[in-house]
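Listed here are the chains, written in short residue letters.
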Amino acid sequence: ALIGIPSPAHNLARAGIPLLLLAELVAVGAFAETDPPSAHNDVHAEALTYLKADPGWFRVDVDVATESLWSPSALTAEGFAVPQGTGNPMELYRYNQFYWTIPYKDSPVYQLLGVKYIIVPKGAYPGGEGIWPAFQADEWIDIHLNTQALPRVWLSYHTQPVEDLDAAREIIFTPEFEPFKVATIENGPKIDNEGNGTIEVRYYTPNQLALYVKTSDQTLLVLSDIHYPGWEGSINGQPAPIYPADGIFRGMLVPAGTHEIVMQFFPISLQLGLGMMSMAILIISAGIWLKQK
């Protein structure tokens, strides 16, 4: 017998690992949109320049009547965050239901989305109190400024405990709701302080963010990103719970003092998937080693 020449079965086993990984990538990637939408052409170049001149952290909304003129996906391709979906089938139903239930642009609940600018048809009337034309040099659209929008992340020193999403909706969808003064917290404590504080964004990505928070009293940090199973929080490196705040958003209780707040997305499904993949690699590797022996 020839020594040192692997058999066809041995070669097939050696190729098993990359084939397994390739199959997993194809199977998962077939149902996920990984490529960003194409950037828009220069039709709205001046409007883009106007929006990009604002160094703040905000979202840009697109009125339904304007989506055929400037789509949310085109704005996303230019680096802007938009509150409505962009046609991706993996969008979260819970968030879309929340967004499309908002009755009008100057309602209190709309301010939770952090929308500072609204793209509207040319010559459209402002969407309500506190919303004013800010840019009208484009041939097809106007940009309105929402002066009542909350920032993307803020501190609330007054909380209203609720049991579930329905109970929160009964509060935040009323005309009397004051998002600047109070936030609902699901299965969390009631806070009634007169404190003050500051927030510094250290970094922000789709799956992880870090903030520095300095506060005089206990507060609820509210981030206008959706709360979803798999998000984990920490304060100064120690695990801390993330609460559903104002219905669907992420909130963390922060004690008085200066703290580093971290949120990261690491769901159980991903942990199980990595564990199963590691187990499969070990089994294949063991099979190859036994075959060689």
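Every value quoted in this text rests on a predicted model; they were computed, and no experiment measured them. (Residues numbered from 1 in each chain as written. Predicted model: local features only at pLDDT ≥ 70, side-chain atom pairs only at ≥ 80, totals over all residues. Heavy atoms only, no water.)

## Digging into the pairing of strand β3 (residues 131-135)
As a general feature of sheets, a regular strand has side chains that alternate between the two faces. For the record, the criterion: We call two strands paired when DSSP finds no fewer than two bridges between them. Under the DSSP-based scheme used, a helix requires at least four consecutive residues in state H or I and a strand at least two consecutive residues in state E, with every element numbered from the N terminus.
Two elements, β3 and strand β4 (residues 141-146), share 4 bridges in a ladder whose sense is antiparallel. Of the residues in β4, the one forming a bridge with Trp132 is Leu145. Joining the antiparallel neighbours β3 and β4 is a turn of 5 residues.

## Observations concerning the environment of Ala65
Looking at where Ala65 falls in the secondary structure, it is placed in the loop between β1 (59-62) and α4 (72-77). Note: C-alpha distance between Ala65 and Val120 (55 residues apart in sequence) is 7.2 Å.

## A closer look at the sheet that holds β3
Stated formally: Lines are fitted to the C-alpha atoms to define the axes, a helix being fitted only along its stretch in contact, and any angle between axes, read from their N-to-C directions, falls within 0 to 180 degrees.
With mixed pairing, the 4 strands of this open sheet are ordered in space as β1-β2-β4-β3. Since the sheet does not close on itself, it has two edges, and those belong to β1 and β3, each with one partner. Averaged over all adjacent pairs, the angle separating strand axes in this sheet is 35°, with direction ignored.

## Considering helix α5 (residues 93-101)
The condition is simple: Exposed residues in this analysis have more than 50% of their type's maximum accessible area, buried residues have under 20%, and partly exposed residues fall in between, with area computed by a 1.4 Å probe over protein chains only. In this description, the arc belongs to the directions extending from the helix axis to the C-beta atoms. Working rule for contacts: check all heavy atoms of both residues, and any pair within 4.5 Å makes them a contact.
Taken together, the buried positions of α5 are occupied by Tyr95, Asn96, Phe98 and Tyr99. Projected onto a plane normal to the axis of α5, the buried residues spread over an arc of 160° and lie on a single side. On its buried face, α5 sits against β1, α6 (165-172), β10 (219-226) and β14 (249-254).

## Regarding α6
Heads up, the rule is: Polar contacts here mean pairs of N or O atoms no more than 3.5 Å apart (in protein, one a potential hydrogen donor and the other a potential acceptor; neighbouring residues in sequence count only if both atoms are side-chain atoms).
Where α6 is concerned, the buried positions are Leu165, Ala168 and Ile172. What you see down the axis of α6 is that its buried residues fit within an arc of 60°, all on one side. Exposed positions of α6 whose direction lies more than 90 degrees from the buried face are Asp166 and Glu170. Among the structural elements, α5, β6 (159-162) and β7 (183-186) are those in contact with the buried residues of α6. The backbone nitrogen of Asp166 lies 3.3 Å from a side-chain oxygen of the residue at the head of α6, namely Asp164.

## Details of the environment of Asp54
If you trace the backbone, Asp54 turns up in the loop between α3 (45-52) and β1. Residue Asp54 is classed as buried on the basis of its relative accessible area, which comes to 15%. Contact partners of Asp54, with chain neighbours within four places excluded, come to Lys116 and Tyr117. Reaching out from Asp54, the side chain makes a polar contact with the side chain of Tyr117 at a distance of 2.6 Å.

## Concerning the pairing of strand β5 (residues 153-156)
Neither face of β5 is left uncovered, since the one carrying Val153 and Leu155 and the one carrying Trp154 and Ser156 both have all their residues buried. Direction of pairing for β5 relative to β10: antiparallel, over a ladder of 4 bridges. Across the sheet, Trp154 pairs through a bridge with Val222, a residue of β10.

Function cannot be read off these values alone, since they describe shape.
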